[in-house]
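Examination of the molecular architecture
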Amino acid sequence: QQQVRQSPQSLTVWEGETAILNCSYENSAFDYFPWYQQFPGEGPALLISILSVSDKKEDGRFTIFFNKREKKLSLHIADSQPGDSATYFCAGSNYNVLYFGSGTKLTVEP
Amino acid sequence: AQTIHQWPVAEIKAVGSPLSLGCTIKGKSSPNLYWYWQATGGTLQQLFYSITVGQVESVVQLNLSASRPKDDQFILSTEKLLLSHSGFYLCAFRGGSYEQYFGPGTRLTVL
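A quick note: this is a predicted structure, and the numbers were derived from the prediction, not measured.

Residues and elements named next belong to chain B. Within the open sheet, the four strands sit side by side as β1-β3-β8-β7. Their pairing is antiparallel. Strand pairing shows two members of the sheet lacking a second neighbour, β1 (3-7) and β7 (65-70), which therefore form its edges. For this sheet, the mean inter-axis angle between neighbouring strands, taken without regard to orientation, is 20°. Bridging between strand β3 (residues 19-26) and strand β8 (residues 73-78) involves six bridges; their strand directions are antiparallel. Bridging across to β8, L19 finds its partner in T78.

Here's what the structure looks like:
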């Protein structure tokens, strides 16, 4: 059973638009949800994260919206730039084990 | 500042041969350490985690083993490689209460 699901699998937006990446999870015990950005051939980089006690987290152009009741969260990337083109992974954690979704490949067209 | 180093950068190995991959963390005392595997174009799968020297917990069985011989070192190994072991191996450490930070990875190709 897949613990974390992501959609869409791929997403293309124009420069300056807001990209919206979706994530859902199964395990109610998850209390920490990070988003990672990965470029080809590199290790994933922690982008932004949220604890289950919060419903929103902002960091510059990146915002997480979290709905605990529906077990859903989303990452909004405002004013998307071509340099944001990468694969984004959502994950859920019960402390020492991190479960990743299948990723969303984002392409930002200039 | 904390730094994480993985070695080797890449390996090409034959099926049935042994493997040893390493990870070293600098700048953080007694870190929680993690090993992940990522198939080409795929998601990340956590393999092991270690809270302290000499103790390793397995998350998923992939005919691999891990050891923590030193506070700042984490080793992933197997005596007999399979084709399915090909992929990208990533080491990570816990930076704060929850955050995990990844190393640059080792690309493994099994032929």
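In this sheet, strand β5 (residues 45-51) of chain A lies alongside strand β4 (residues 32-38) of chain A in antiparallel orientation, the contact comprising six bridges. Looking at β5 of chain A, one finds that Q37 of chain A is bridged to A45 of chain A.

Let us now look at the layout of surface pockets. In this structure, the largest pocket occupies an estimated 460 Å³ of space. Around the largest pocket, the lining is made up of 22 residues, and of these Q38 and T87 of chain A together with Q38, G41 and G42 of chain B lie nearest the centre. Those elements giving two or more residues to the lining of the largest pocket turn out to be β9 (86-93) and β11 (104-109) of chain A. Its boundaries defined by the atoms lining it, the second largest pocket holds a volume of some 170 Å³. Along the walls of the second largest pocket sit 15 residues, with Y99 and F100 of chain A together with T43, L44 and Q45 of chain B positioned nearest its centre. Elements that contribute at least two residues to the lining of the second largest pocket include exactly β10 (98-100) of chain A together with β5 (44-52) of chain B. Grouping the constituent residues of the lining of the second largest pocket by class yields seven nonpolar, eight polar and no charged.

About the thresholds
- Residues numbered from 1 in each chain as written.
- Chains lettered and ligands numbered in written order.
- Predicted model: local features only at pLDDT ≥ 70, side-chain atom pairs only at ≥ 80, totals over all residues.
- Heavy atoms only, no water.
- Pairing = 2+ DSSP bridges.
- Helix = DSSP H or I, 4+ residues; strand = E, 2+ residues; numbered from the N terminus.
- Axes fitted to C-alpha atoms, helices over the stretch in contact; angles between N-to-C directions.
- 1 Å grid on protein atoms, 1.4 Å probe; cavity = no way out; pocket = protein on both sides within 12 Å on 5 of 7 lines; lining within 4 Å.
- Points joined across faces, edges and corners; volume = space filled by probe spheres on them.
- Nonpolar A, V, L, I, M, F, W, Y, C, P; charged D, E, K, R; others polar.

Functional significance is not addressed by these values, which are geometric in nature.
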